[in-house]
Amino acid sequence: MTATPRIAALIVAAGRGRRAGGPVPKQWQSLLGKPVARWTLERFAAIAELIMVIHPDDRKFAENLCDGLDVTLVDGADERAGSVRAGLQALAIAPPDIVLIHDVARPCISIQCIQTVIDTLADHAGAAPALPVTDALWTGENGKVTGPQDRTGLYRAQTPQGFRYADIMQAHRDFSGNAADDVEVARAAGLDVAIVPGEERNLKITVPADFHRAAQILKEDKMDIRLGNGYDVHAFESGDHVILCGVEIPHDKALKGHSDADVAMHAVTDALYGAMAEGDIGRHFPPSDPQWKGAASEIFLKHAVDLAQSKGYAISNIDVTIICEKPKVGPHAPAMTARMAEIMGLREDRISIKATTSERLGFTGREEGIASIATATLVAA
Ligand code: MG
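Just so we're clear, the structure is a prediction, and the values are computed from it rather than from any experiment.

Caption draft 1: Region of the structure containing the overall build of the protein. A tally of helices and strands in the protein yields twelve helices and 19 strands. The principal-axis extents of the C-alpha atoms in the protein amount to approximately 90 × 50 × 40 Å. Expressed as a percentage of the 381 residues in the protein, the buried residues total 48%.

Pasting the structure below:
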């Protein structure tokens, strides 16, 4: 195997999934607003090239949900083994080193589990996750228990099942009939398959209630937290007030700037843009554009807040520090907090506004201007 193996994920999505109910096969149904198959593809997108085997009738569904992902779609067969064979065959044009064969109906697979399967292939011809059976097992007939069943050595098999491409391609060519999964095909060809730890979260959506379970698991995954920082400086010029966090504060100077020069609000706005990797105010409101001359800075802040919302983020909190000798900011902080809460649609206890001096050092110490720094936290909503 090469130092960095080429990895393909072969997603088996040609089944009709009738037990799950619904008007279309389960893999095209919505899970938290996104088709099941899309969740599954995204799990593998960063690790592997994607190939999905589908029923020819489902091509439209598949094409729609692949938007923005590079997925090769291949028509499958009536039986699972035939579908896998079709997918493997399609990969033969540019064969990968490793192929991970995965059920489309397992959208909650963790990246760690996928990685463990890949890593285990360094020492084994095959690797697949499984969970040991922990419940007591019975045999039964006509609704009655007929006896105990020893659970020793029994596992619940999961996917992805990983193999070296050449091995599993050959194994499928040599296999006749229909196999429950690819481990069965591999073993029939004499390949050793290592069991790696499976996951309860890696459920296979089978019946309608499984959609709810999968949604719960995926919701808990959404711990996408983003921090941004912002820094701004404006110089003083002659005037009789400054505007800080949207509040007019009497002073014997004004702040100079293209807009209303609200140095504190600018720092907060840049922190929000920063958290989204969306540049800064200058990118969205070029100072060269005369329409922003004298503009109220809340236009910029509202834009950043709306952008965060449109990207699916909630603002968790902001923290801003204003650095100046004068004017005294403390007495105005409650009004500034209320104003920022109003503009941003946030509770006041999520907004921190504080001030400090620079001990008479530097440009703020010499009262040549005001500086401000801010931090913002965004959480995927
Ligand atoms: Mg500014």
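Caption draft 2: Spatial organisation of the packing of aromatic side chains. One pass over the structure, following the stated rule, counts four aromatic pairs. One aromatic cluster is present, formed by F285, W292 and F300 through successive ring pairs.

Caption draft 3: Structural view of the pattern of salt bridges. Within the structure shown, the criterion is met by 21 salt bridges. Two residues, E368 and R366, come together in a salt bridge whose shortest N-O distance is 2.7 Å. A relative accessible area of 52% means that R366 is categorised as exposed. Through salt bridges with shared partners, a single ionic network connects R80, D103, R106, D182 and K204.

Caption draft 4: Quick look at the environment of L154. With respect to the element layout, L154 can be found in the loop between β9 (144–149) and β10 (155–157). Given the relative accessible area of 34%, L154 is considered partly exposed. Sequence separation between L154 and D67 is 87 residues, and the spatial gap between their C-alpha atoms is 40 Å. Once you skip the residues sitting within four places of it in the chain, L154 turns out to touch L131, P132, V133 and L137.

Caption draft 5: Spotlight on helix α8 (residues 263–275). Along its 13 residues, α8 runs 19 Å from first to last C-alpha, staying within 8% of the 18 Å computed at 1.5 Å per residue. Among the 13 residues that make up α8, twelve are buried, leaving the element largely enclosed by the rest of the structure. Residues of α8 that are buried: V263, A264, M265, H266, A267, V268, T269, D270, A271, L272, Y273 and A275. Looking one or two places after α8, you find A277, whose phi comes out positive at around 55°.

So, how was this worked out
All residue numbers refer to position in the chain's written sequence, counted from 1. Only residues with pLDDT of 70 or above have their local features reported here, since the model is predicted, and side-chain atom pairs are shown and tallied only from 80 upward, although totals for entire chains, interfaces and linings are computed over all residues. The side-chain figures draw on all heavy atoms in the structure; neither hydrogens nor water molecules are used. Only DSSP runs of H or I with at least four residues qualify as helices, and only runs of E with at least two residues qualify as strands; both kinds are numbered from the N terminus onward. Remark: exposure states derive from per-residue accessible area (1.4 Å probe, protein chains only) relative to the maximum for the residue type, with buried under 20%, exposed over 50%, and partly exposed in between. Two rings from Phe, Tyr or Trp (for Trp, the six-membered ring) form a pair when their centres sit within 6.5 Å of each other. Planes less than 30 degrees apart are called stacked, planes more than 60 degrees apart edge-to-face, and all others tilted. Counted as salt bridges are all cases of a side-chain nitrogen of Lys or Arg within 4 Å of a carboxyl oxygen of Asp or Glu. Whether two residues are in contact is decided by their heavy atoms, any of which lying within 4.5 Å being enough. Helix span is expected to be 1.5 Å times the residue number reduced by one.

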